[in-house]
Amino acid sequence: MKSSRSLFRLALIAGLLAQAPAFAAEPAKAAAASPLGKPVATVNGVVISQAAYELLAARAKAQGAQDSPQLASELRGRLIQAELLNQAAKKKNLDRKPEVALQLDMARQQIMASSYVGEYMQSHPVTDAAAKAEYDRIVVQAGGKEYRSRHILVKEEKEALDIIERLKMGEKMEKLASLSLDPGSKDKGGELGWAVPGGFVEPFGKALATLTPGSYTQTPVQTQFGYHVIQLDEVRDLKVPSFEETKPQIIQRLQAQGVDQHIQELAKAAKIN
């Protein structure tokens with residue numbers, strides 16, 4: 001069962017773009033700032049530069065690696081191995097194969113796109129005021145209460161009506177949950193844990209908010225997933241994490257939204273057939 005804080009954080013980061021573009025600018029900046037310096041190695045006359053090493057090191061550190069002689073040795077080994085394989089591939093003219101050339105073009109395209117996104121995010125920073133306004137909006141949207149509920153999801157409305165009748169006859173939701181199509185909750189008696197209504201699709205959330213503890217929906221609730229019978233078990237005050245705790249996630253969310261909007265603007269200005 002997820003805590004209210006973890007659910008709140010999940011709500012903040014939902015819909016974010018892939019994280020790779022967010023890190024793309026940092027390694028590029030590190031590599032560009034450092035001189036070529038002494039070659040890390042030379043493989044059959046081909047120089048592996050210090051800049052290439054620092055680029056790989058920056059990526060490793062962004063993923064949590066700690067700077068150490070062992071890391072330096074490992075990264076040097078990777079660069080040497082990559083160059084050995086690159087030279088071997090060229091000897092076989094693999095770079096002239098259409099499928100390999102296509103992959104090289106796509107890799108270059110992805111690097112350019114990631115670099116552009118990184119530059120865009122640096123030149124369009126999210127202000128503290130914007131982040132705080134988004135935090136306040138999410139808090140208001142979440143409401144002051146969270147609900148512990150369970151449900152049964154079925155394909156047809158008639159199935160949901162039959163389940164409601166069985167509940168009226170005294171059968172328990174926990175037992176009937178074995179009929180549910182939801183694999184995440186059917187083996188837990190339909191248990192959905194603690195959540196705010198806004199965390200569910202709209203028809204489900206609205207129906208949940210109308211219930212009182214111990215009651216269930218008297219008519220099936222239709223969503224894009226099928227028909228639900230929802231039962232509310234408990235309500236409690238929502239404990240919302242502070243702005244400072246959630247600020248990094250909020251900034252990431254707003255950055256992602258800004259990038260997405262910019263991509264849409266680029267698409268509108270482009271000729272796409």
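See the structure above.
Once a new chain begins, its residue numbering starts again from 1 and follows that chain's sequence as written. For this predicted model, a pLDDT threshold of at least 70 governs which residues receive local features, and a threshold of 80 or more governs which side-chain atom pairs are given and counted, while totals over whole chains, interfaces and linings are taken from all residues. Water and hydrogen atoms play no part in the side-chain values, which are based on all heavy atoms of the structure.

Caption draft 1: Broad picture of the packing of helix α3 (residues 50–62) against helix α4 (residues 69–91). Running from N to C, α3 and α4 cross one another at 120°; their axes reach a closest spacing of 10 Å. With respect to α4, the element α3 is oriented oblique. The interaxial crossing formed by α3 with α4 has right-handed handedness. Contacts between α3 and α4 involve Ala52, Tyr53, Leu56, Ala57 and Ala60 from the first element and Leu71, Ala72, Leu75, Arg76, Arg78 and Leu79 from the second. For every element, the axis is a line fit to its C-alpha atoms; helices are fit only across the contacting stretch, and the angle between N-to-C directions ranges from 0 to 180 degrees. Numbering of helices and strands runs from the N terminus; a helix is a DSSP stretch of H or I covering at least four residues, while a strand is a stretch of E covering at least two. Any angle that is under 35 degrees is reported as roughly parallel, and any over 145 degrees as roughly antiparallel; angles of 65 to 115 degrees are reported as roughly perpendicular and all others as oblique. For a crossing to be left-handed, the near helix must be turned anticlockwise from the far one by less than a right angle; the clockwise case is right-handed. We call two residues in contact when some of their heavy atoms are within 4.5 Å.

Caption draft 2: Region of the structure containing the pattern of salt bridges. The term salt bridge refers to a pairing of a side-chain nitrogen on Lys or Arg with a carboxyl oxygen on Asp or Glu at a separation within 4 Å. Within this structure, the stated rule accounts for 18 salt bridges. Across the salt bridge formed by Arg148 and Glu191, the nearest N and O atoms sit 3.4 Å from each other. Residue Arg148 is located in strand β3 (residues 145–154), and its partner Glu191 is located in strand β4 (residues 191–195); the two are separated by 43 residues in the primary sequence. Only protein chains enter the calculation, and the probe is 1.4 Å; a residue is then buried if its accessible area is under 20% of its type maximum, exposed if over 50%, and partly exposed in between. Exposure remark for Arg148: the relative accessible area of 18% places this residue in the buried category. Each of Arg148, Arg150, Glu191, Asp233 and Glu234 takes part in salt bridges that share partners, so that together they form one network.

Caption draft 3: Inspection of unusual backbone geometry at higher detail. For Asn44, which is not glycine, the phi dihedral falls at a positive 55°. Note on placement: Asn44 falls in the loop between β1 (41–43) and β2 (46–48). Accessibility expressed as a relative area gives 66% for Asn44, which makes it exposed. The phi torsion at Asn93 lies on the positive side, around 60°, for a residue other than glycine. Summarising the element assignment, Asn93 is placed in the loop between α4 and α5 (98–123).

Caption draft 4: Spotlight on the pairing of β4. Within β4, four of the five residues are buried, leaving the element largely enclosed by the surrounding structure. Paired strands, as defined in this entry, are two strands with at least two bridges between them according to DSSP. Two elements, β3 and β4, share four bridges in a ladder whose sense is antiparallel. The residue of β4 that forms the bridge with Arg150 is Glu191.

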